[in-house]
Amino acid sequence: MKRSAFALAAGALFGLGLAVSGMTNPDKVLNFLDVAGHWDPSLALVMGGALLVTVPGFAWVRRRGRSACGDALPTTPGSRIDARLVGGSALFGIGWGIAGYCPGPALANLAHGTLEALVFVAALLLGSQVARALPRPTLPR
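Reading the values: rules and limits
- Residue numbers run consecutively from 1 along every chain, following the written order of its sequence.
- The model is predicted, so local features are restricted to residues of pLDDT at least 70 and side-chain atom pairs to those at 80 or more, both for listing and for counting; the totals for chains, interfaces and linings are taken over all residues.
- Side-chain metrics in this entry use all non-hydrogen atoms of the structure; hydrogen atoms and water are not considered.
- Numbering of helices and strands runs from the N terminus, with a helix taken as a DSSP run of H or I at least four residues long and a strand as a DSSP run of E at least two residues long.
- Between buried and exposed lies partly exposed: a residue is buried under 20% and exposed over 50% of the maximum accessible area for its type, with that area taken using a 1.4 Å probe on protein chains only.
- For this analysis, a polar contact is any N or O atom pair within 3.5 Å, provided that within protein one partner can donate a hydrogen and the other can accept it, and provided that sequence-adjacent residues contribute only side-chain to side-chain pairs.
- Lines fitted to the C-alpha atoms define the axes, with helices restricted to the stretch that makes contact. Angles between their N-to-C directions range from 0 to 180 degrees.
- Every angle not falling under 35 degrees, over 145, or within 65 to 115 is termed oblique; those three ranges are roughly parallel, roughly antiparallel and roughly perpendicular.
- Here, residues are in contact when the closest pair of their heavy atoms is within 4.5 Å.
- Basically, the charged four are Asp, Glu, Lys and Arg, the nonpolar ten are Ala, Val, Leu, Ile, Met, Phe, Trp, Tyr, Cys and Pro, and anything else, Gly included, counts as polar.

Visitor: Even after reading the chapter, I still don't get the environment of Asp34, so can you show me in this structure?
Guide: When you line up the elements, Asp34 lands in the loop between helix H2 (26-33) and helix H3 (42-64). Residue classification places Asp34 among the partly exposed positions, given a relative accessible area of 31%. Note: C-alpha distance between Asp34 and Ala9 (25 residues apart in sequence) is 33 Å. At 3.1 Å, the side chain of Asp34 forms a polar contact with the backbone nitrogen of Gly37.

What follows is the structure in structure tokens.
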């Protein structure tokens, strides 16, 4: 129960931050990516503000050796860069650049009932299921 309460609080705080900063508006994101036109640096400022909170938070959790709700910290995943990682990252970036959405703001925009958010989330879910169906490479031991 404690874990669910932390997850709900973190998600609500994240959604509130997106809404207050205007990052649920895909035009803000697209204008950030339009460096040759009507460039809007506000996304970089929001990311910088998020880092000011996140970096000390992660340092605190690492010093504690357990999460805020008391769970053991997960082991660090491998840092191998392979075609699957590069391809997924490229698809994410292309989708973000075309739609102006990443998953968090798209989910937040479902509350507005916009068709573009619905199409984006449907494509996101479809893409995640396709990725799960693809064969996973075996890692050397």
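Continuing now.
Visitor: For this particular structure, what's the right way to read the environment of Leu85?
Guide: Note that Leu85 resides in helix H4 (residues 83-99). Sequence separation between Leu85 and Gln129 is 44 residues; the distance between their C-alpha atoms is 16 Å.

Visitor: Quick question: what am I supposed to make of the packing of H2 against H4 here?
Guide: Two measures define how a pair of helices packs: the angle their axes make with one another and the distance between the axes. For the pair H2 and H4, the least separation of the axes is 8 Å and the interaxial angle reads 110°. For the element pair H2 / H4, the angle class is roughly perpendicular. Note on element contacts: H4 touches H2 through Trp96, Gly97, Ile98 and Ala99, opposite Pro26, Val29, Leu30 and Leu33. Considered class by class, the residues forming the contact of H2 with H4 number seven nonpolar, one polar and no charged.

Scope: geometric values only; no functional claims are made or implied.
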